[in-house]
Amino acid sequence: MRSFHFEEKNMSKQKVSFLGLGAMGYPMAGFLVKKGYEVTVFNRTTAKAEKWADEYSSNENPAKFAVTPEEAVADADIVFTCLGNDNDVREVFTKIFASAKTGALLVDHTTTSPSLAQELYAEAQKHNMEFLDAPVSGGQAGAEQGILTIMVGGDQTSFDNALDAMNSYAKATTLIGSSGKGQALKMVNQLCITGILQGLSEAWSMAKAVDIDAKMMVDVLQHGAAGSWQMVNRTETAMNNEFDFGFAIDWMRKDLAICFDEAEKLGVELPLAKQVDEKYAELQDRGYSRSDTSVLVKQFDNEKR
């Protein structure tokens, strides 16, 4: 681990670690430094963690990186994770439970199944630690601007203790309920987005067919009943065949798989989401795996990438 001398004025701040420096985690961890927290990061690609430390470190508040999860969390008061899928989370949390100090507060920003969140909450209690499931919404742009929405499941005291740090990169942070409820609401969030994007894909296709200007469409409709974040932020790019923004369909399909699994357990029908998922699968086959979710509009043409 890179070693730095910390100024006395920072010593009263909590020490935090952040594991996972993807498109979301990289700027989120940076906001923690900007707010004055002593931050140590870990990423599977160490070069990226070193780059992050070089970018955010200053004489007033040096930033650090570690080469293993165990090293990153050893002295942390709060441990944040923002990883890929359930398997990644299980693997990393096994190391966290073995290495974090007693009383550490663990906050997982990964979108996972509610059942995994409950499993980690129970395991944390066995190790005299605290755990919050805290998936985020707002995409890469929201992370970079520090205006994410965070849906949290867990205990009130744990939430209160983590709130200041989470608000470093959020505009709205809400305790939804007990462990797993944050992930449950994130599933609802993804289902809403799925339905909205299907409707918008059809609307974009109609607008093009009748030669309606994309900017005009947004300016007129955003203030009425049809307005949405997706309309405002994706209409012009989608109608210009630009899809290199935000949340890739690979990740949306991962989230929808969690939705389908939970819905089956609960006896809930999700016909529209399953229809959209099939369209995303077809788009993956056409080479759009890393395109953002607004690429759903491509379901109406047959051109290859």
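My aim in this report is to walk through the structure given alongside it, one point at a time. Not measured: the values here are computed from a predicted model.

All chains considered together, the criterion is met by zero disulfides. Here Cys82 stays unpaired: no disulfide links it, and the sulfur of Cys259, its closest cysteine neighbor, is 17 Å away. Unpaired in terms of disulfides, Cys192 finds its nearest cysteine sulfur in Cys259, a separation of 10.0 Å.

Among the surface-exposed residues, Ile176, Leu185 and Val188 lie close enough to one another that they form a single nonpolar patch of about 210 Å² accessible area. With respect to the secondary-structure elements, Val188 resides in helix 8 (residues 181-209).

With that settled, consider helix 1 (residues 25-34). Most of helix 1 is tucked away, with nine of its ten residues classed as buried. Once helix 1 ends, the next one or two residues include Gly36, with phi positive near 105°.

Let's shift gears to helix 12 (residues 271-285). Between the first and last C-alpha of helix 12 there are 22 Å, a value that for 15 residues agrees with the 21 Å anticipated at 1.5 Å per step. Inspection of helix 12 places Ala273, Val276, Asp277, Tyr280, Ala281 and Leu283 among the buried residues, and these make up the whole buried set. End-on view of helix 12: buried residues confined to an arc of 160°, all on one side of the axis. Those residues of helix 12 that are exposed and aimed more than 90 degrees away from the buried face are Pro271, Glu278 and Asp285.

We now examine the environment of Gly246. For Gly246, the position within the fold is in the loop between helix 10 (229-239) and helix 11 (249-266). Linking Gly246 and Ala23, residues 223 residues apart in sequence, is a C-alpha distance of 8.5 Å. The residues contacting Gly246, other than those within four sequence positions of it, are Gln140, Arg234 and Asp292.

Another aspect to go through is the side chain of Gln230. Topologically, Gln230 is positioned in helix 10. Those residues in contact with Gln230 that sit more than four places away from it in its chain are Ile193, Ile196, Leu197, Leu200, Trp204 and Thr235.

Let us look at the side chain of Ser113. Topologically, Ser113 is positioned in the loop between strand 5 (105-108) and helix 5 (114-126). Within the local environment of Ser113, its side chain forms a polar contact with the side chain of Asp86, the two groups lying 2.9 Å apart. Residues in contact with Ser113, not counting those within four places in the same chain, are Asp86, Gln183, Ile258 and Glu262.

Each pair of packed helices can be summarised by the angle the axes make with each other and by the distance between the axes. At their nearest, the axes of helix 1 and helix 2 (residues 46-56) sit 10 Å apart, and the two run at 35° to each other. Handedness of the helix 1/helix 2 crossing: right-handed. Between helix 1 and helix 2, the residues in contact are Tyr26, Pro27, Ala29, Gly30, Val33 and Lys34 and Lys48, Lys51, Trp52, Glu55 and Tyr56, respectively.

Rules used throughout
Residues numbered from 1 in each chain as written. Predicted model: local features only at pLDDT ≥ 70, side-chain atom pairs only at ≥ 80, totals over all residues. Heavy atoms only, no water. Disulfide = S-S within 2.5 Å. Patch = residues over 30% accessible without salt bridge, like charges linked within 9 Å, V, L, I, M, F, W, Y side chains within 5 Å. Areas by Shrake-Rupley, 256 points an atom, 1.4 Å probe, with all protein chains shown as cover. Salt bridge = Lys/Arg side-chain N within 4 Å of Asp/Glu carboxyl O. Helix = DSSP H or I, 4+ residues; strand = E, 2+ residues; numbered from the N terminus. Buried < 20%, exposed > 50% of the residue type's maximum accessible area, 1.4 Å probe, protein only. Expected span 1.5 Å × (residues − 1). Arc of directions from axis to C-beta. Contact = heavy atoms within 4.5 Å. Polar contact = N/O pair within 3.5 Å; in protein donor to acceptor, adjacent residues only side chain to side chain. Axes fitted to C-alpha atoms, helices over the stretch in contact; angles between N-to-C directions. Left-handed = near helix turned anticlockwise from the far one by under 90°.

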